[in-house]
Every structure is written in structure tokens, then in C-alpha cells.
Amino acid sequence: MNPIQHMVVIGTGLIGGSLSLALKKAGRVERVTGVGRSRANLELAKELNIVDDWTHDITEAVRGADLVVLAVPMTAYESVFKAIAVNLSATAIITDAGSTKQSAMNAARSLLPDSSQFVAGHPIAGTEQSGAGAAFSELFEERLCILTPDEDTNPEAVERVQEIWQAVGSRVMRMAPVEHDDFLAAVSHLPHLAAFALVNAVRKQGNEEHEPFEFAAGGFRDFTRIASSSPQMWRDIALCNRDAVVRQLDALQDELSGLKDALQSDDGEQLLEHFTSAKQARDEWLETYGKSLI
Ligand code: NAD
């Protein structure tokens, strides 16, 4: 892969910061400019050698860059695309790491010049931590990264973005944006909403002597880890993939209703069937895909 001369990372948090660190470690990038809103976070990014320089000025930052990476919350896309549209060079490739792909592509289509080379991407990797301080260079190793080009996406730009993710150790898959959003609603967005809901349901219990969290142990911690994720980020993701997320909430509600019916009718067979099929599916998933997950 030809090295990237000048990469601009808009949003130098967990994802943008980790991509920069990984590309630097692999020797694939000459210069990285960080763009963001928080001075403290950008100074930290410089201190941690995530970026070589930084600015708050998005429009100026992208002048002459050959790669622009958006790693900002989904609701920032419109303002970021408007700001970068002015000074993008004709050969620059723009990509992103956002968690919902139809909304990203719609925003790019309506706000970037027609000649722009935007390739939508989503690394399936992350933690519940935010900010430059949470970034680490191994985050994308042996992880999947999904690219969602459509008929208007420049094939050479797609190849280039694929090379970049492969250079940081990811396996790259291409799929239609709608398909991406449907699957991710099921395996990522629904679990986050369920974790937030479960913690809320539990925190409202308790009596004068005890609160329920006093009795929570490893199972509660494992189930609810992702409820420590950024509330703003998850608000944005849920809103940007609303219809698919609502369908998944309906599916979960159906499952919960099934469990409630089985309990109320003392139907141990039904309960066993629910639990057994779930255990089998999870064990198989872990065996096939989950071994390298941290
Ligand atoms: P983060 O909070 O760690 O970093 C986001 C950064 O964007 C912050 O530094 C913030 O200051 C900056 N920012 C916010 N609004 C901005 C604006 N208008 N202009 C410029 N900078 C702005 O978040 P993250 O976890 O790195 O997530 C970034 C993107 O990656 C999100 O779109 C998210 O959906 C996606 N993503 C996250 C994960 C995950 O597990 N955290 C995984 C895959 C993809």
C-alpha cells in the first residue's frame, strides 16, 4: 500500500485515535492532523503521538489532505460534511467509521461535491471508553470492518480504503448499507438499548435498607458493561437507525412476552426450550466467531 501523505482525523477519540495510532505503527502514514472541539482532548492526542498537529478549523484542515476520516458522533456528520466540502482536493478520499451507514451515505450524497470520493465504513471494534486517552493501536486487529459502497462509489477509492483497514489488521467485508444497518441493529444497537434498559429497571428497585446493586456480581457486570458507553453516542446511533432499531425492540419484546407467558403458566418446558436454544446459539457463535474477541 502507498503511504498516506496527510491524513486528517475529524474526531480524535477512541476510534479516530486508534486508527491513527495503528497506521502510524504500521508506517503507513506520513502526517496526521487531528480536528475536534475539545482543546484538552486534542492536546492529549498530540501528547500521546496520535496526531502530529491539530486544529479546531475543519475547513482549513482538509486542504491538501489525501485522506479524511470522520470519527465523530453520527449527529455531527452534516456539519462536518458542510465544513469539509469547501476545500477538499479532487483526489482526496473521505471515509468514516460511523455505526450507521445509510444515514452517513445520505449525508455525504447531499452535502459533498458530486466528484467527491466518499467510502462509508464501519469497524466492528470498540470499547465502552471514549476520547483520545482510550485509543490503542491494536483495536482493529483481527476485527471485521464493513464497507458499504453503492453504485456511485468510486471502485478505486473503495480499494484504497480496504487497504487501509487491512493495514491495521482488519478483515474487510463489503455489503449494502441497508443490510449493514439491519444486522447491526440486531447485534449491536439492540444489546446497547437492552443494557441501558436493564440497568434502569434494576436501579429503580430497592428498599430502605438495601439497593439492588449491593448484590450484583459478575453476571450483572458482564451483561451491563456496554451500559457504560457514551449516552450521547448511543442516542445518535439509535436515532440514525430508528426503524431497524424499533423492529429489533419489537423482536425482543416478543421474546420477553414469551418468557412471561411461560412463567405465568408454569410452563417449564417452554422456559427450557427458550434457554436451551439461546445457549446453543451463543455457544456456537462463540466457537465460530468469538474466540479472538477481548
Ligand atoms: P469518542 O467520543 O471517543 O470520539 C468522538 C470524538 O469526536 C470526540 O473527540 C469529540 O470531541 C469529537 N467530536 C464530536 N463532535 C464533533 C464535531 N462536531 N466536530 C469535530 N469533532 C467532534 O467516540 P468514538 O467511540 O471514537 O466514536 C466515533 C464514531 O465511531 C461514532 O460515529 C461511533 O458511532 C463510531 N464507532 C464507535 C465504536 C465504539 O465502540 N466506540 C465502534 C465502531 C464505530
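Residues numbered from 1 in each chain as written. Predicted model: local features only at pLDDT ≥ 70, side-chain atom pairs only at ≥ 80, totals over all residues. Heavy atoms only, no water.

Explain the sheet that holds strand β7 (residues 121-123) to me, and be specific about the residues and the numbers.
Taking strand neighbours across the sheet as the criterion, the three strands line up as β7-β8-β9 in an open arrangement whose pairing is mixed. Every interior strand has two partners, whereas the edge strands, β7 and β9 (171-174), have only one. Taken over all neighbouring pairs, the strand axes of this sheet differ in orientation by 20 degrees on average, direction set aside. Inspection of the sheet shows strand β8 (residues 144-147) paired to β9 by four bridges, in the parallel sense. Residue pairing for β9: Cys145 is matched across the bridge by Val172. (Pairing = 2+ DSSP bridges. Helix = DSSP H or I, 4+ residues; strand = E, 2+ residues; numbered from the N terminus. Axes fitted to C-alpha atoms, helices over the stretch in contact; angles between N-to-C directions.)

I'd like to hear about the sheet that holds strand β2 (residues 29-35), residue by residue, with values.
Taking strand neighbours across the sheet as the criterion, the six strands line up as β3-β2-β1-β4-β5-β6 in an open arrangement whose pairing is parallel. Each end of this open sheet is capped by a strand with a single partner; those strands are β3 (53-55) and β6 (117-119). For this sheet the average axis-to-axis angle between neighbouring strands, irrespective of direction, equals 20 degrees. Sheet analysis places strand β1 (residues 4-10) next to β2, joined by six bridges and oriented parallel. Looking at the pairing, Ile10 lines up with Val35 of β2. Packed onto the sheet, helix α2 (residues 39-47) meets β2 and β3 and runs at close to 170 degrees relative to β3. Where helix α4 (residues 77-85) meets the sheet, it contacts β1, β4 (67-70), β5 (93-96) and β6, and its direction lies at approximately 160 degrees from that of β4. (Contact = heavy atoms within 4.5 Å.)

How would you sum up the side chain of His122? Please name residues and give values.
Note that His122 resides in strand β7. Taking the relative accessible area as the measure of exposure, His122 reaches 7% and is therefore buried. Among the polar contacts listed, one links the side chain of His122 to the side chain of His180, at a separation of 2.8 Å. Aside from chain neighbours lying at most four places away, what touches His122 is Asp96, Ala97, Gly98, Ser99, Lys101, Leu144, Cys145, Ile146, His180 and Leu184. (Buried < 20%, exposed > 50% of the residue type's maximum accessible area, 1.4 Å probe, protein only. Polar contact = N/O pair within 3.5 Å; in protein donor to acceptor, adjacent residues only side chain to side chain.)

An account of the domain arrangement of the protein chain is needed here, citing residue identities and associated values.
Split by domain assignment, the protein chain resolves into domain 1 (7-175) and domain 2 (179-293). The centre of domain 1, based on its C-alpha atoms, is set 30 Å off from the matching centre of domain 2. Across the contact, 17 residues belong to domain 1 and 17 residues belong to domain 2. In total, domain 1 and domain 2 occlude about 1,500 Å² of area from one another, counting both sides; carbon and sulfur atoms represent 61% of this. Broken down residue by residue, the surface that domain 1 buries against domain 2 is led by Thr100, Glu128 and Met175, which jointly contribute 35%. Along the contact surface separating domain 1 from domain 2 lie one salt bridge. Note that Arg225 and Glu128 form a salt bridge whose closest N and O atoms lie 2.7 Å from each other. For the interface between domain 1 and domain 2, the tally reads five residue pairs in polar contact (both at pLDDT 80 or more). In terms of residues, the side of domain 1 that touches domain 2 owes the most to one element, helix α5 (residues 101-111), which gives three residues. (Domains from an automatic or database assignment. Buried area = accessible area lost by both parts, 1.4 Å probe. Salt bridge = Lys/Arg side-chain N within 4 Å of Asp/Glu carboxyl O.)

Kindly report on the packing of helix α7 (residues 177-203) against helix α9 (residues 231-240), identifying the contributing residues and their values.
Angle between the axes and distance between the axes: these two values describe a pair of packed helices. At a minimum axis distance of 11 Å, the contact between α7 and α9 shows a crossing angle of 130 degrees. On the basis of the axis angle, α7 is oblique to α9. As α7 runs across α9, the sense of the crossing is left-handed. Contact residues: α7 offers Ser188, His189, His192, Leu193 and Phe196, while α9 offers Trp234, Ile237 and Ala238. Taken together, the residues of the contact of α7 with α9 sort by class into five nonpolar, three polar and no charged. (Parallel < 35°, antiparallel > 145°, perpendicular 65-115°, else oblique. Left-handed = near helix turned anticlockwise from the far one by under 90°. Nonpolar A, V, L, I, M, F, W, Y, C, P; charged D, E, K, R; others polar.)

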